[in-house]
Amino acid sequence: INRKYYQVGFKTLFHGSPNMDSLIALGSGAALIYGIFAIFRIGYGLGHNEPEIVDRYLSDLYFESAAMILTLITLGKYLLLLWQGQMLELLLVTVPILPLNQQI
């Protein structure tokens, strides 16, 4: 579902004309990449018996931030589409009611 944000966002960013999708892709992508890096550091700390490394990176997992960014943006776009559909229906109902010739 959210692959489109990454495809469009990075494409427009690399073409020199970033848009909102670029911001979404950069923010959620950075959180995801740093979360993966933190997991590797935790694994290194556990493997080499260095608990200070584990403690340092244990609270730096930002996977939920990446997921929350994408979820809220997708939900917002869905609600916008619903609202626009309701407004279109309202316009289709009210336009025939309006008189065609009005004189002031």
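For every chain, the first residue of its written sequence is number 1, and the numbers climb from 1 along that sequence. In keeping with the predicted nature of the model, local features appear solely for residues at pLDDT of at least 70, side-chain atom pairs appear and are counted solely at 80 or more, and the whole-chain, interface and lining totals rest on all residues. Calculation of side-chain values draws on the structure's entire complement of heavy atoms; hydrogens and water are dropped beforehand.

A few words now on the overall build of the protein. Strands here mean DSSP runs of E at least two residues long; helices mean DSSP runs of H or I at least four residues long; both are numbered from the N terminus. Within the protein, the secondary structure is distributed over four helices and zero strands. Out of the 104 residues in the protein, the part that is buried amounts to 19%. Whether two residues are in contact is decided by their heavy atoms: any pair within 4.5 Å suffices. Taking contacts inside the protein between residues at least 6 apart in sequence as the whole, the part at least 24 apart equals 45%. Each accessible area is a Shrake-Rupley estimate made with a 1.4 Å probe; only the visible protein chains count as cover when residues are assessed. A total accessible area of about 8200 Å² is found for the protein, and carbon and sulfur atoms account for 70% of it. The cut-offs for exposure are 20% and 50% of the maximum accessible area for each residue type, with area from a 1.4 Å probe on protein chains only; residues under the lower value are buried, those over the upper are exposed, and the others partly exposed.

A separate point is helix α1 (residues 3-14). Taking 1.5 Å of rise per residue, twelve residues should cover 16 Å, and α1 covers 17 Å from first to last C-alpha, within 8% of that figure. Residues Tyr5, Gly9 and Thr12 constitute the buried set of α1. Buried residues in α1, looked at end-on, bunch into an arc of 75°, giving them a common side. Exposed side chains of α1 directed beyond 90 degrees from the buried face belong to Arg3, Lys11 and Phe14. Just downstream of α1 lies Gly16, where phi reads positive at about 85°. Helix span is expected to be 1.5 Å times the residue number reduced by one. Read the arc as the range of directions from the helix axis to the C-beta atoms.

It is worth spelling out the packing of helix α2 (residues 20-47) against helix α3 (residues 51-58) at this point. One way to put it is that α2 packs onto α3 with a least axis distance of 7 Å and a crossing angle of 160°. Of the possible angle classes, the one that applies to α2 and α3 is roughly antiparallel. Crossing of α2 over α3 shows left-handed handedness. Every residue of α3 that contacts α2 at Tyr34, Phe37, Ala38, Arg41, Ile42, Tyr44, Gly45 and Leu46 is listed here: Ile53, Val54, Arg56, Tyr57 and Leu58. Angles run from 0 to 180 degrees between N-to-C directions of axes, and those axes are lines fitted to C-alpha atoms, restricted for helices to the stretch in contact. In this scheme, roughly parallel covers angles under 35 degrees and roughly antiparallel covers those over 145, while 65 to 115 is roughly perpendicular and the rest are oblique. Note on convention: the crossing is left-handed when the near helix lies turned anticlockwise from the far helix by less than a right angle, right-handed when the turn is clockwise.

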